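Notes for the structure review
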Amino acid sequence: MRSVYWKWGAACVVAALAAGCGGGSGDGLDANGRPLGEGEDPGGPMTASFRSIQAQVFTPVCSGCHAGGAAPAGLRLDAGNSYMMLVDVASVEVPALKRVQRGNANNSYLIHKLEGHAAVGARMPLGGPFLDAATISLIRRWIDNGAQQ
Ligand code: HEC
């Protein structure tokens, strides 16, 4: 996860130069505009919380493709959109499944895509490198614990 974190850090620096990382005032705020040091540090070891998964997986690994109006399958995974586009929302590829079904990682299409056994399309992130087993198991635990925001 260290390399993913450094990638995210680099993206944040680039964003800070362009627009102010964290939206405007910049210093001391994270990508969601929350004060650094409050709650979990997104740069620390990844945990099974949504905030940590967003900071260490969805933003750095997925949102390069899954953002904006042309996001694949209409799925935006940037920090402002990912939760409402995942939890209790039907998959476009397999509408019988929710992208994230609270309390049921085995039945969540997001997990099928990350583990490479989805009924439709390719393993995510498209083209790899794929998430390691420890990272996927934290995402599974977040879902099995109720997929809290
Ligand atoms: C290089 C671009 C790219 C990256 C990076 C990428 N995706 Fe995708 N994703 C796609 C494309 C294209 C599709 C539709 C085709 C397919 O499923 O193979 C897709 C489809 C999906 C779907 C199916 C959505 C639905 O409603 O059926 C999920 C879930 C998904 N991606 C999750 C992720 C996650 C999570 C990550 C990061 C770990 C990720 N993707 C990274 C391009 C990408």
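Given the structure is predicted, the values throughout are model-derived calculations rather than measurements. (Residues numbered from 1 in each chain as written. Predicted model: local features only at pLDDT ≥ 70, side-chain atom pairs only at ≥ 80, totals over all residues. Heavy atoms only, no water.)

**Thoughts on the site of the ligand**
Neighbouring the ligand are 21 residues; Cys62, Cys65, His66, Glu93 and Met124 lie closest to it. Separating an oxygen atom of the ligand from a backbone N or O atom of Val92 is a distance of 2.7 Å. Residue Ala122 places a main-chain N or O atom 2.8 Å away from an oxygen atom belonging to the ligand. The residue inventory of the shell around the ligand, partitioned by class, reads 15 nonpolar, three polar and three charged. (Near = heavy atom within 4 Å. Polar contact = N/O pair within 3.5 Å; in protein donor to acceptor, adjacent residues only side chain to side chain. Nonpolar A, V, L, I, M, F, W, Y, C, P; charged D, E, K, R; others polar.)

**Overview of the pattern of salt bridges**
Considering all chains together, one arrives at three salt bridges under this definition. Its salt-bridge partner being Arg102, residue Asp88 comes within 3.1 Å of it at the nearest N-O pair. One end of the pair, Asp88, is in the loop between α3 (82-86) and α4 (109-115); the other, Arg102, is in the loop between α3 and α4, and 14 residues separate them in sequence. Two residues, Glu93 and Lys113, come together in a salt bridge whose shortest N-O distance is 2.9 Å. (Salt bridge = Lys/Arg side-chain N within 4 Å of Asp/Glu carboxyl O. Helix = DSSP H or I, 4+ residues; strand = E, 2+ residues; numbered from the N terminus.)

**Focus: unusual backbone geometry**
The step from Met124 to Pro125 runs through a cis peptide bond, and the omega angle for that step is -5°. In this structure, Pro125 sits in the loop between α4 and α5 (133-144). Here the amide bond leading from Gly128 into Pro129 is cis, since omega sits at -5°, within 30 degrees of zero. Secondary-structure assignment places Pro129 in the loop between α4 and α5. Phi angles above zero are rare outside glycine, and Asp88 is one such case at about 65°. The exposure class of Asp88 is partly exposed, given its relative accessible area of 41%. Notably, Ala147 is not glycine yet its phi reads approximately 55°, a positive angle. Looking at where Ala147 falls in the secondary structure, it is placed in the segment after α5. (Buried < 20%, exposed > 50% of the residue type's maximum accessible area, 1.4 Å probe, protein only.)

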